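The lines below spell out each chain.
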Amino acid sequence: MARLQKSWFVVLILLVVIFTIGLHLGRSKKGTVTEPLADTANFSESAMSIVKERGLHPDDITSALSTFVPTGKYDDHVMFASGGHGGQVFAIGLPSMRLLRTIAVFTPEPWQGYGFGVKESPFGSPEGEGVFRNGKLVNWGDSHHPALSETNGDYDGEFLFINDKANGRIAVIDLRDFETKQIVANPLFGNDHGAAVTPNTDYVIEGSQYATPVGHHYAQLSDYQEKYRGMLTFWKFNRAIGRIEPKNSFAIELPPYWQDLVDPGKLVSDGWVFVNSFNTEMATGGVEEGNPPFEAGVSQRDMDYLHVINWKKAEQVIRNGGFKEIEGMRVISLETVLKEELLYFIPEPKSPHGVDVSPSGKHIVISGKLDPHVTIYDFNHIMDAIAKKEFEGQDPYGVPVIKFDAVKIAQVEVGLGPLHTQFDNQGYAYTSLFLESSVARWTLGDDAYQAPENPWTLVGKIPIHYNVGHISTAAGDTVHPDGGYLVSLNKWSVDRFPNVGPLLPQNLQLIDIKKPGDQMKLLYDMPIGNGEPHYAQIISMDKIKAWEVYPEVGWDPLHQQKSEKSTLESKVVRTGNTVEIFTTVIRSHFDPEHVQVKQGDRVIFHITNLERTYDATHGFTVSDYNVAASIEPGETASIDFIADKPGVYPYYCLEFCSALHLEMMGYLLVEPQEMQAPAVGQ
Ligand code: RUQ
Ligand code: CUA
């Protein structure tokens, strides 16, 4: 018998070895692609027959050639796109527009074992304080604005942040393993919109959207002007531990306008942050009571207010104790904001939406949804106007309003419904035009980034399909844009794809922006049949330094250190009613394979994946217990549940990891209460 076992073991080991060698042979083939275009005559003949057969246009061919990435070759950029009310983040390769990874953030996701009983995720640990709102589990989000961590205003590829508009939360993703590590919930307000990082990632800035009473309290809408407020929260990020520190964070109280997008200054304008707003009318809606509906009430004035905020000085005010604490958050009151001169307003036309700081940090671009222009302000002029007190007055709360003409240096007529602006490395700016379904290219009058054409002129437009929201250019909101690519994140796709029913995919369109002037070219349509991407950021792939396998066997990915629960050998430890099963996995077995517990026991599997092979992930689930784990090579994952129902529960590996994957299972035997021997003396 023992002999039989031994020979089986040898066969298993051989299988693993053969598989691993095959894998390595396969990998080493990468790069040994046959000589490009060795036989041009043959190429053109066979290519032409495909062109004819498929009825392709010459333009289609250049598009196809620009985006095709042959097997074994890599995309050169990756785009992190928010997943809207799907709550996740998508990592998409460019130029191929292939989905490389969905990162589970606000919504549980079983493939990654995210939110299904695994403790090493915000859904199972104190890092997930923000998973709860009012003590209730909130297991979805409306992810809007991804923000890559920055060093000196350039993406550094280390972390990614994203906000949840629906529930006023921020999540932290570590790009060493592309996993969410922390979710924090804003204690002051329940929804947000703008989210961005300061140029060295000292803070993740979160702007409230719809004004409410501060701290989730109650107040009548008739008390709107006194009791409702806007807020800007500065979440302190500690890069060394990869966590937001709520205790070291602070917020600034603002008038109850609807603060919208947020863009921190950079280079010359570092230390300031620009936030636009709408509903400076302070309309409170109530169409059913005969009031103008919000859409009209909020759009009466020609100008709203760009908020210009000195956050470096605000940090100083906090250090000097100039705050009050509300719901555990340090808040600088509006009174102190005014006294310390932290906030100025600049009129901005007309239902503004996007606010974007140019790569040099000198220019701030505003798009008014109901104005065909983008308006450009000069940062140095803003500083002068503040120094010389060139104010046209105050708002009702006493905030100084800077004279529009003193700081506006240009307006460019770009077209209808301008929303968001991005930049490239040739001195161009790009603005999405929602109403026109196109993207406008115009020239910056910026000595650091000088386009060949006259400054502040529209040079071209490209139609998109359809209803563009954000656009994203490669590193397009940093101090050194890469240029090359622009992705138009379109809300509607209408007729672009085969009909899959009334709920249509969004359409992400890749546009080539390498050539100057009016030469922009649509390359690719990517349907995304998932929650609606809002903003996206595109980073060069060589800035991403993700791990192939976890650094050592027994890794706790949540804390990025060796897990106390890791093990190289299996053991079962019972403490009272808690049974801890220290489990190992390696192709193709779990150890142990039999686990016997009693009904009502708390069962914790601590599973260590012993593999060091690239991609040798195993999964784990126990029937009926709503648990699922993904255990990457080197990882230790703990799954925790109460075995409240008696029976025999197979557990098995979820990943097709080897030829004997189906054999990779075990039995959890939950002995019924009534069979359990009564304690002595009963
Ligand atoms: S903003 S609707 Cu990014 Cu255009 Cu959220
Ligand atoms: Cu491990 Cu299948």
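As shown above, the structure is provided for reference.
To keep things clear, this report deals only with the structure shown in the data block. Bear in mind the structure is a predicted one, so any value in this text is a computation, not a measurement.

1. Observations regarding the sheet that holds strand 29 (residues 438-443)
Inference 1: One open sheet accounts for 4 strands, arranged 27-28-29-32; its pairing is antiparallel. Only two strands of the sheet have a single neighbouring strand rather than two, namely strand 27 (418-423) and strand 32 (458-463). When strand polarity is set aside, the average angle formed by the axes of neighbouring strands in this sheet is 25 degrees.
Inference 2: Pairing of strand 27 with strand 28 (residues 428-433) involves 4 bridges; the strand directions are antiparallel. Counterpart to threonine 421 in the pairing with strand 28 is threonine 431.

2. Some details on the packing of aromatic side chains
Inference 1: Evaluated as defined, the whole model comprises 31 aromatic pairs.
Inference 2: On the basis of an interplanar angle of 75 degrees and a centroid distance of 6.3 Å, the ring pair of tyrosine 257 and tyrosine 397 is categorised as edge-to-face. With a gap of 140 residues between them, tyrosine 257 in the loop between strand 14 (243-254) and strand 15 (258-264) and tyrosine 397 in the loop between strand 24 (391-394) and strand 25 (400-402) connect regions that are remote in the sequence.
Inference 3: For tyrosine 257, a relative accessible area of 1% gives the class buried.
Inference 4: By relative accessible area, tyrosine 397 is classed as buried at 17%.
Inference 5: Measuring from centroid to centroid gives 5.5 Å for phenylalanine 620 and tyrosine 651, while their planes differ by 45 degrees, and the two rings are tilted. One end of the pair, phenylalanine 620, is in strand 45 (residues 618-622); the other, tyrosine 651, is in strand 48 (residues 647-652), with 31 residues separating them in the sequence. The two residues phenylalanine 620 and tyrosine 651 agree in class, both being buried.
Inference 6: Through successive ring pairs, a cluster of aromatic residues spans Phe590, Phe605, Phe620, Tyr625, Phe641, Tyr649 and Tyr651.
Inference 7: Just above the ring of phenylalanine 323 sits the side chain of arginine 330; from NZ or CZ to the centre is 5.6 Å.

3. Side note on the sheet that holds strand 22 (residues 363-368)
Inference 1: Read from one edge to the other, the open sheet built from 4 strands follows the order 21-22-23-26, with strand pairing classed as antiparallel. Here the strands that pair on one side only, and so sit at the sheet edges, are strand 21 (352-357) and strand 26 (408-413). Strand-to-strand twist in this sheet, taken as the mean axis angle between neighbours without regard to direction, amounts to 20 degrees.
Inference 2: Two elements, strand 22 and strand 23 (residues 373-378), share 5 bridges in a ladder whose sense is antiparallel. The partner of isoleucine 364 across the bridge, within strand 23, is tyrosine 377.

4. Describing the site of ligand 1
Inference 1: Around ligand 1, a shell composed of His144, His145, His193, Leu261, His353, His420, His470 and His534 is seen.
Inference 2: Tallied by class, residues from the shell around ligand 1 come to 1 nonpolar, 7 polar and no charged.

Reading guide: rules and limits
By convention here, each chain's residues receive numbers from 1 onward along its written sequence. Key to labels: chains lettered from A, ligands numbered from 1, both in the order written. Given that this is a predicted model, residues contribute local features only at a pLDDT of at least 70 and side-chain atom pairs are listed and counted only at 80 or more, while totals for whole chains, interfaces and linings are drawn from all residues. Side-chain figures throughout are based on the complete set of non-hydrogen atoms in the structure, without hydrogens or water. Only strands joined by at least two bridges in the DSSP assignment are considered to pair. The way it works is that DSSP assigns letters per residue, a run of H or I at least four long becomes a helix, a run of E at least two long becomes a strand, and they are numbered from the N terminus. As a rule, the C-alpha atoms of each element are fitted with a line to give its axis, helices using only the stretch in contact, and angles between N-to-C directions run from 0 to 180 degrees. Each aromatic pair joins two rings of Phe, Tyr and Trp (for Trp, the six-membered one) with centres within 6.5 Å, and gets the label stacked for planes under 30 degrees apart, edge-to-face for over 60, and tilted for any other angle. Any residue under 20% of the maximum accessible area for its type is buried, any over 50% is exposed, and the rest in between are partly exposed; the area is computed with a 1.4 Å probe on protein chains only. Only Lys NZ and Arg CZ are tested; either one counts as a charge over a ring when it is within 6 Å of the ring centre and within 35 degrees of the ring normal. The near set for a molecule or strand comprises every residue that places at least one heavy atom within 4 Å of it. Three classes are used, and their members are as follows: Ala, Val, Leu, Ile, Met, Phe, Trp, Tyr, Cys and Pro are nonpolar, Asp, Glu, Lys and Arg are charged, and the others, Gly among them, are polar.

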